[in-house]
Amino acid sequence: ALDVATGGGHVARSLREAGIEVVTCDPAPGMRPDVVCRAESLPFAARAFDVVACRTAAHHFSDIRASVREMARVSGDRVLIVDSLHMGDAVEDAEVLRDPSHVCNYTEAEWRGFVEEAGLGIDDVAFFAHTFDFSAWLARTGCEGDDAERATELLGERVRDGRLTLDKIAIKAVTG
């Protein structure tokens with residue numbers, strides 16, 4: 001399996017615990033990936049992996065279409081993508097305040113289009129709410145002071161009792 005934009009390595013760790021051989025990649029050397037690269041240009045042969053996974057990272061990709069095409073190209077069987085859904089302009093503004101590397105959260109229709117344009121078939125789509133510690137989320141990127149206050153305002157009812165809830169999409173796609 002290939003874990004694209006591995007970040008903290010949560011997906012890779014789970015896959016390895018299940019006995020799957022995993023290669024990780026990420027553009028940030030500090031994440032200690034096996035390969036330092038961007039999702040838009042994966043340095044692997046076509047169909048090099050049975051499964052390609054990307055969890056909660058695609059909203060940082062500068063060219064989402066190229067990234068999904070690359071994941072499709074290097075997958076021999078399936079591509080699994082989980083990311084936040086577009087929840088309105090206020091949430092987008094809060095995301096950028098918190099982390100300027102945020103590019104965009106996409107709608108279900110946009111995600112379906114990216115996947116289909118990459119030549120993948122959609123096998124399953126699921127939706128869920130992801131709730132987590134809001135202060136820790138802000139702290140991970142050093143968002144504090146006025147920016148943190150403004151992000152809190154923009155997120156509104158999504159922040160309750162110190163926890164933030166974001167809408168997520170999970171897509172299981174198959175190669176053609």
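Residues numbered from 1 in each chain as written. Predicted model: local features only at pLDDT ≥ 70, side-chain atom pairs only at ≥ 80, totals over all residues. Heavy atoms only, no water.

Caption draft 1: Structural view of unusual backbone geometry. Its identity is not glycine, yet Arg-32 carries a phi of approximately 60°, on the positive side. Tracing the backbone through its elements, the reader meets Arg-32 in the loop between strand 2 (23-26) and strand 3 (35-36). Even without being a glycine, Arg-47 presents a positive backbone phi close to 60°. Assignment of secondary structure puts Arg-47 in the loop between strand 3 and strand 4 (49-55). (Helix = DSSP H or I, 4+ residues; strand = E, 2+ residues; numbered from the N terminus.)

Caption draft 2: Molecular detail of the side chain of Glu-92. With respect to the helices and strands, the residue Glu-92 is situated in helix 3 (residues 89-98). Put simply, Glu-92 is tucked away with no salt bridge, and the nearest opposite charge, on Arg-158, sits 9.5 Å away. A polar contact of 2.9 Å, which involves the side chain of Glu-92, links it to the side chain of His-102. At 3.0 Å, the side chain of Glu-92 forms a polar contact with the side chain of Asn-105. Those residues in contact with Glu-92, other than ones at most four positions away along the chain, are His-86, His-102, Val-103, Cys-104 and Asn-105. (Buried < 20%, exposed > 50% of the residue type's maximum accessible area, 1.4 Å probe, protein only. Lys, Arg positive; Asp, Glu negative; His and termini not counted. Salt bridge = Lys/Arg side-chain N within 4 Å of Asp/Glu carboxyl O. Polar contact = N/O pair within 3.5 Å; in protein donor to acceptor, adjacent residues only side chain to side chain. Contact = heavy atoms within 4.5 Å.)

Caption draft 3: Structural view of helix 4 (residues 108-117). For helix 4, the set of buried residues is Trp-111, Phe-114 and Val-115. Taken end-on, helix 4 shows its buried residues confined to a sector of 95°, consistent with a single buried face. A positive backbone phi angle near 85° is found at Gly-119, which sits one or two residues after helix 4. (Arc of directions from axis to C-beta.)

Caption draft 4: Spotlight on the layout of surface pockets. One number sums up the size of the largest pocket: a volume of about 920 Å³. Lining the largest pocket are 34 residues, with Gly-7, Thr-56, Ala-57, His-59 and His-60 sitting closest to its centre. Secondary structure elements with two or more residues in the lining of the largest pocket: helix 1 (10-17), helix 3, strand 6 (121-133), helix 5 (134-140) and strand 8 (163-174). Class assignment of the residues belonging to the lining of the largest pocket gives a composition of 11 nonpolar, 13 polar and 10 charged. Looking at the second largest pocket, its volume works out to about 230 Å³. Forming the boundary of the second largest pocket are 14 residues, of which Val-11, Leu-15, Val-51, Ala-53 and Leu-80 lie nearest the centre. (1 Å grid on protein atoms, 1.4 Å probe; cavity = no way out; pocket = protein on both sides within 12 Å on 5 of 7 lines; lining within 4 Å. Points joined across faces, edges and corners; volume = space filled by probe spheres on them. Nonpolar A, V, L, I, M, F, W, Y, C, P; charged D, E, K, R; others polar.)

Caption draft 5: Here's a closer look at the pairing of strand 5 (residues 75-84). In the sheet, strand 4 pairs with strand 5 via six bridges, with the strands oriented parallel. Each residue of the ladder has a partner; that of Val-52, found in strand 5, is Val-79. For the crossover from strand 4 across helix 2 (residues 64-74) to strand 5, the handedness is right-handed. (Pairing = 2+ DSSP bridges. Right-handed = clockwise from strand over helix to strand, strands pointing away.)

Caption draft 6: Structural view of the environment of Asp-26. Mapped onto the elements of the fold, Asp-26 is located in strand 2. Linking Asp-26 and Glu-144, residues 118 residues apart in sequence, is a C-alpha distance of 26 Å. In this structure, Asp-26 is in contact with Ala-5, Thr-6, Gly-7, Met-31, Pro-33, Val-35, Val-36 and Cys-37, ignoring residues within four places of it in sequence.

Caption draft 7: Just the packing of helix 2 against helix 4, in detail. At a closest axis distance of 8 Å, the pairing of helix 2 and helix 4 adopts a crossing angle of 50°. When the interaxial angle is binned, helix 2 and helix 4 end up oblique. Like other packed secondary-structure pairs, helix 2 and helix 4 cross with a definite hand, here right-handed. Between helix 2 and helix 4, the contacting residues are Ile-64, Arg-65 and Val-68 on the first element and Trp-111, Phe-114, Val-115 and Glu-117 on the second. Among the residues forming the contact of helix 2 with helix 4, the class breakdown is five nonpolar, no polar and two charged. (Axes fitted to C-alpha atoms, helices over the stretch in contact; angles between N-to-C directions. Parallel < 35°, antiparallel > 145°, perpendicular 65-115°, else oblique. Left-handed = near helix turned anticlockwise from the far one by under 90°.)

Caption draft 8: Examining the side chain of Asp-26 more closely. Although Asp-26 lies buried, it forms no salt bridge, and the closest oppositely charged side chain, Arg-38, sits 8.7 Å away as judged by the N-O distance. Here the side chain of Asp-26 touches Ala-28 through a polar contact of 2.9 Å, landing on its backbone nitrogen.

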